[in-house]
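An overview of the molecular structure
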Amino acid sequence: SVGVSSFSVILWDNGGGSNSSKFGLFTIAVSDSYLELIFFKLGSSFNFSSTSQQKILQSALQTSLHAIKGSVQYSVGDENISYQILGPSIEDSVLHSERVESLISMLSICIPGNTTCYSKAIRRKNARNIAAFDILNISIYESSDSQNVSSPAILNIRSPEDVLLDHLGREIPTFKVAFLRFYSWRQRDWTALESDEGFLSAAPTATALGNPTCSNGSVHFNALPYRNGGAEYSISLLGSDLVKIFKISITFVNQAPFFTYARNWSISIDESISLNERNVYLVKNMSEGPGMSIPGPYGQDWDESYQNMSFSAIAHYGNVTFEKPPSIDSSGHLSFIVAPRSNGVSTFVFVLFDDGGVDHGGKNASDPANLTIVVNPVNDAPGFDLNCSAPHVARCDKCNDRGNVSGCSVAVRVDENCRDCLNTTIQGCGRSLLVPMFAVSTAPSMYGSIDEAGSQAVTFVIELVSDSAKLFNASDAILPSIDAETGVLAFCLSEDRSGNATFRIQLVDDGGTDRGGLNASDFVQLLIEVVPVNQPPMFEFCEGCSNLNIWKGDGPHVFIDFVPERSIRKGSLAGSDLEQWQSITFQVVQTSGDLAFVDGSFPTISENGTLVFEAAKSSVGVSSFSVILWDNGGFFGAGKNQSAGLSFNITSSDSYFVMHISISGFVTFSPDDFVLIITSASTALHVSKDLISVNTSFEKISVLVRGPSIGNTLEIGNSILVKGVLTTLIKEFSWVDFRRVVLSRHRKNYGNTPTFSVVNMTMNETTGSMNITWVGLVNITSPVDVSLDKSGRERP
């Protein structure tokens with residue numbers, strides 16, 4: 001029962017008369033709540049040490065709050081004075097709490113500006129309450145972040161006799177939490193300590209939920225990062241003697257190890273022809289977990305330094321070949337061995353592992369770190385072998401050492417002028433040699449490095465060391481060369497030379513010499529031996545002598561220097577003729593035509609080049625002749641004792657015609673003009689230019705065209721063709737005034753001896769004139785040159 005009741009009291013007796021007293025009044029107030037108002041001396045302007053002042057405030061509270069008489073009580077402490085105003089109901093206490101603010105302001109109890117000189121609270125008091133609660137142990141996992149935890153660990157709360165209420169009148173039991181002892185997760189042992197400093201950021205607190213339908217509460221605490229272990233606490237319900245024990249456990253969760261770089265993780269080295277071993281200080285400040293300088297209350301290794309760590313490469317990609325793959329030791333040093341002649345780029349993904357496990361979401365691996373190893377290519381010297389079995393290779397030494405030609409020398413032997421050479425197909429040189437597969441196994445790297453095989457080009461460089469025999473001195477000679485792709489050795493010798501020439505061969509690639517690279521092989525000595533053999537003699541006709549024109553019956557003919565003596569060589573055109581001791585003979589063979597010759601006068605050429613012949617007196621036409629020069633040097637060892645053949649023609653003519661072209665005035669023609677006239681006539685008449693000659697005189701050009709026979713003369717000397725000649729000349733010489741053409745035909749025969757006889761005639765005198773035709777000339781033989789009519793008849 002809660003409330004206020006008033007009672008009237010009358011005293012009765014049994015004596016009769018006036019047997020009842022006057023009535024008296026009293027009140028019974030049963031309260032379950034009160035307003036607790038505490039004033040603090042500090043910050044207050046009220047004199048709490050004065051009893052009268054204390055009572056005045058008591059009376060003021062009684063009056064202003066309309067409290068039940070006698071319901072305001074107070075007690076005085078050293079630093080404060082506490083007033084209790086009975087409700088009696090919670091509603092009354094709430095109303096008192098609201099009204100007291102204006103009273104405090106009106107009485108100016110607080111120093112101006114100080115709002116903390118008092119506190120107020122509504123409390124419930126029930127003598128029949130039996131305090132009770134249950135508490136659960138709390139367990140969480142270690143974290144890398146601070147954890148604000150509110151755990152509903154307090155259950156079944158029953159308030160004590162005196163309990164705080166909130167502004168809505170709900171009970172708020174108050175708890176106190178005290179540290180008892182600590183449990184080390186690593187050492188698995190409990191120890192009593194004065195505090196849990198270093199475990200939680202502050203001592204845990206406990207609050208009731210203040211919900212009438214849920215008599216539970218929560219324990220609040222902040223777990224610091226990276227802490228683990230356990231702590232035992234006592235929790236007491238204030239206003240009662242009830243105390244219980246609970247534990248807060250933070251289960252160990254392994255934190256990822258970490259490290260810092262001691263240097264850039266991109267490492268660049270140069271390729272090596274041997275094992276390339278490196279040791280680099282790469283990692284510093286390796287830690288098994290969080291780096292913390294504050295130990296736990298039991299000396300815990302918050303930073304997990306008791307763990308063991310090791311680096312491991314979890315991935316690898318790239319093209320560098322390693323004899324020993326990269327590894328990082330406990331001191332942070334990286335070591336690896338690159339295989340000989342390996343280059344490229346490789347990336348390794350390293351992770352630092354500890355042995356703390358991964359239970360409860362723990363991490364035993366650091367963030368991955370990429371290590372890049374760049375092995376810069378260093379150019380290998382190119383390599384090749386020489387095929388000692390190739391044609392013409394006479395000697396070969398140290399030339400087949402798997403691309404290493406150090407100390408190699410080779411000799412190639414051919415006959416003079418390359419008479420025994422195979423595949424002599426170098427354009428413009430008949431003294432050439434092509435040796436197939438002379439150089440083999442040509443590669444940009446003498447060690448067979450794959451990366452150079454597809455990216456570099458190689459070229460053979462051949463340097464002349466000595467050539468005292470002048471084997472390659474001629475203008476058309478070609479120094480030795482080697483095709484790097486096919487391995488073909490090619491060269492072209494000077495003519496008619498024998499002896500030795502020495503060269504140095506070197507294979508060069510385009511890989512450069514950066515970082516100590518080599519772009520050239522060792523030198524190879526190439527000796528070219530030219531063995532002397534008989535060289536063919538040679539000669540030339542004099543200029544314009546390949547077509548000879550003669551007249552019928554003329555002869556004998558002698559052409560001095562038909563073969564100029566300076567053009568006759570018994571073996572060489574270069575330098576001194578080493579075969580000058582040999583004797584030579586010209587051989588003349590008629591290859592076409594039917595010219596006849598006087599017995600013993602067939603064309604012959606003497607050793608000094610003079611041509612002699614005499615055609616038969618009646619022979620007319622064209623014949624061709626082949627001339628070969630022979631020597632007596634023999635043809636052993638691919639030697640040759642005969643020259644190449646040259647041809648010439650002899651034309652014997654018995655007729656010709658002349659075009660007499662009259663022009664206006666005197667015109668001077670140059671030698672080029674004469675050539676143009678002959679060319680124009682040759683084109684229009686369809687005859688060889690060798691049969692045409694031109695003369696000029698005052699106001700006339702004479703063009704003479706040989707037959708050679710009368711039939712030819714009549715055929716080409718017709719008016720249509722002649723008109724074509726004139727038309728061409730008018731077009732070519734537009735500045736010349738051509739008038740007319742007179743055509744004359746002639747027979748010419750040096751075998752003719754002109755004769756004739758005269759027959760006398762007698763006739764009678766007449767009285768008138770008479771035209772008489774009389775055959776008075778008989779036995780006429782024409783002179784050497786005689787005119788012909790259009791039918792080809794002689795007209796002496």
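Note that the coordinates shown come from a computational prediction; the quantities given were computed from them, not determined experimentally.

**A closer look at the overall build of the protein**
The secondary structure content of the protein amounts to six helices and 51 strands. Relative to the compact-globule value of 28 Å for 796 residues, the protein shows a C-alpha radius of gyration of 69 Å, a clear excess of over 25%. Scored against the burial criterion, the 796 residues of the protein give a buried share of 43%. Of all intrachain contacts in the protein linking residues separated by at least 6 positions in sequence, the fraction that spans at least 24 positions is 69%. Just so you have it, the protein exposes about 41,400 Å², and 51% of that area is on carbon and sulfur atoms. The average position of the 54 basic charges and that of the 80 acidic charges among the side chains of the protein differ by 6 Å.

**Topic: the nonpolar core**
Counting 35 residues, the largest nonpolar core has F384, L386, F438, F472, F491, I505 and L526 as the members making the most contacts within it. Look past the residues within four positions of F491 in its chain and what remains in contact with it is V412, V414, I426, R431, S432, L433, F472, I478, L479, P480 and I528. Counting 26 residues, the second largest nonpolar core, distinct from the first, contains F133, I135, F199 and I250.

**Side note on the sheet that holds strand 42 (residues 621-631)**
Pairing is mixed across the open sheet formed by four strands, whose spatial order is 37-43-42-39. Strands at the two margins of the open sheet, each flanked by one partner only, are strand 37 (547-551) and strand 39 (584-592). Sheet twist, expressed as the mean angle between neighbouring strand axes with direction ignored, is 25 degrees. Direction of pairing for strand 42 relative to strand 43 (residues 646-653): antiparallel, over a ladder of seven bridges. Directly across from S624, in strand 43, lies its bridge partner N649.

**Some details on the sheet that holds strand 34 (residues 489-492)**
If you walk across this open sheet you meet the three strands as 30-34-33, and the pairing is antiparallel. Only two strands of the sheet have a single partner each, and these edge strands are strand 30 (432-435) and strand 33 (478-482). Adjacent strand axes in the sheet meet at a mean angle of 5 degrees, parallel and antiparallel pairs treated alike. Strand direction decides the pairing type here: strand 30 and strand 34, joined by four bridges, are antiparallel.

**With respect to helix 6 (residues 719-732)**
Helix length check: helix 6 (14 residues) gives 20 Å between terminal C-alpha atoms against 20 Å at 1.5 Å per residue, within 8%. Residues of helix 6 that are buried include every one of V722, V725, L726 and L729, and no others. For helix 6, the angular spread of the buried residues around the axis is 95 degrees, confining them to a single face. Seen from the buried face of helix 6, the exposed residues on the opposite side, beyond 90 degrees, are I720, K723 and K731. Considering only its buried residues, helix 6 is in contact with strand 44 (655-663), helix 4 (671-685) and strand 47 (738-748).

**Some details on a nonpolar patch on the surface**
A surface patch of nonpolar side chains, about 470 Å² in accessible area, is lined by V2, F7, V9, F26, I28 and V30. Within the residue set of the nonpolar patch, elements represented by two or more residues are strand 1 (3-9) and strand 2 (24-30). With three residues, the single largest contributor to the nonpolar patch is strand 2. With respect to the helices and strands, V9 occurs in strand 1. Judged by its relative accessible area of 42%, V9 is partly exposed.

**Topic: the state of the cysteines**
Taken as a whole, this structure holds four disulfides when the rule is applied. Here C110 is linked by a disulfide to C117, with a sulfur-sulfur distance of 1.6 Å. Measuring the twist about the S-S bond at about -40 degrees, one finds the C110-C117 disulfide to be left-handed. The burial state of C110 is the same as that of C117; both residues are buried. With a sulfur-sulfur separation of 1.8 Å, C399 is cross-linked through a disulfide to C408. Taking the torsion about the sulfur-sulfur bond, which here is approximately 90 degrees, the covalent link between C399 and C408 counts as right-handed. In this structure C399 comes out as buried when scored by relative accessible area, which is 2%.

**Some points on the packing of helix 1 (residues 51-64) against helix 2 (residues 90-107)**
Contact pair helix 1 / helix 2: the axes reach a minimum separation of 10 Å and the direction vectors enclose 135 degrees. With respect to helix 2, the axis of helix 1 lies oblique. Considering only the axes of helix 1 and helix 2, their crossing is right-handed. Taken together, the residues of helix 2 that come into contact with helix 1 (itself represented by L57, A60, L61 and S64) are R99, V100, L103 and L107.

**Quick word on helix 2**
For helix 2, built from 18 residues, the straight-helix expectation of 26 Å at 1.5 Å per residue is met to within 8% by its first-to-last C-alpha distance of 26 Å. Most pronounced at R99, the bend in helix 2 amounts to some 30 degrees. Within the sequence span of helix 2, burial applies to I90, S93, H96, S97, V100, L103 and I104. Check the buried side of helix 2 and you find it contacts strand 3 (33-40), helix 1, strand 5 (80-86), strand 6 (118-125) and strand 10 (162-165). The positive-phi residue at the C-terminal boundary of helix 2 is S108, with phi of around 50 degrees.

**Focus on the packing of aromatic side chains**
Ring pairs (aromatic) are described by centroid distance and by the angle formed between their planes. Within this structure, the stated rule accounts for 34 aromatic pairs. Aromatic side chains F322 and F348 sit 5.4 Å apart centroid to centroid with 75 degrees between the ring planes, which places their arrangement in the edge-to-face category. Note that F322 is positioned in strand 23 (residues 322-328) and F348 in strand 25 (residues 344-354), a separation of 26 residues in sequence. Comparing F322 with F348 shows no difference in burial state: the two are buried. Look at F562 and F648: their rings are 5.0 Å apart centre to centre, the planes differ by 70 degrees, and that puts the pair in the edge-to-face class. With a gap of 86 residues between them, F562 in the loop between strand 38 (557-559) and strand 39 and F648 in strand 43 connect regions that are remote in the sequence. Classification of F562 as buried rests on a relative accessible area of 1%. Of the aromatic side chains, those joined through ring pairs into one cluster are F539, F541, F559, F562, F586, F597, F602, F613, F625 and F648.

**Quick notes on the environment of L275**
Note that L275 resides in the loop between strand 19 (266-270) and strand 20 (276-281). Relative accessible area serves as the criterion here: at 52%, L275 is assigned to the exposed category. Along the primary structure L275 and A339 are separated by 64 residues, whereas in three dimensions their C-alpha atoms are 5.4 Å apart. Filtering out sequence-adjacent residues up to four positions away, L275 remains in contact with E323, I337, V338 and P340.

**Side note on the packing of helix 4 against helix 6**
One way to put it is that helix 4 packs onto helix 6 with a least axis distance of 9 Å and a crossing angle of 140 degrees. Between helix 4 and helix 6, the angle is such that the two are oblique. Two packed elements cross with a definite hand, and for helix 4 against helix 6 that hand is right-handed. Contacts from L676, I677, S680, A681, A684 and L685 of helix 4 reach helix 6 at L721, V722, G724, V725, T728, L729 and E732.

The rules we used
Residues numbered from 1 in each chain as written. Predicted model: local features only at pLDDT ≥ 70, side-chain atom pairs only at ≥ 80, totals over all residues. Heavy atoms only, no water. Helix = DSSP H or I, 4+ residues; strand = E, 2+ residues; numbered from the N terminus. Rg over C-alpha atoms; globule rule 2.2 N^0.38 Å. Buried < 20%, exposed > 50% of the residue type's maximum accessible area, 1.4 Å probe, protein only. Contact = heavy atoms within 4.5 Å. Areas by Shrake-Rupley, 256 points an atom, 1.4 Å probe, with all protein chains shown as cover. Lys, Arg positive; Asp, Glu negative; His and termini not counted. Charge placed at Lys NZ, Arg CZ, Asp CG, Glu CD. Core = buried A, V, L, I, M, F, W, Y, C linked by side-chain atoms within 4.5 Å. Pairing = 2+ DSSP bridges. Axes fitted to C-alpha atoms, helices over the stretch in contact; angles between N-to-C directions. Expected span 1.5 Å × (residues − 1). Arc of directions from axis to C-beta. Patch = residues over 30% accessible without salt bridge, like charges linked within 9 Å, V, L, I, M, F, W, Y side chains within 5 Å. Salt bridge = Lys/Arg side-chain N within 4 Å of Asp/Glu carboxyl O. Disulfide = S-S within 2.5 Å. Parallel < 35°, antiparallel > 145°, perpendicular 65-115°, else oblique. Left-handed = near helix turned anticlockwise from the far one by under 90°. Bend = angle between axes of the 7 residues up to and from the residue. Phe/Tyr/Trp six-rings, centres within 6.5 Å; stacked < 30°, edge-to-face > 60°.

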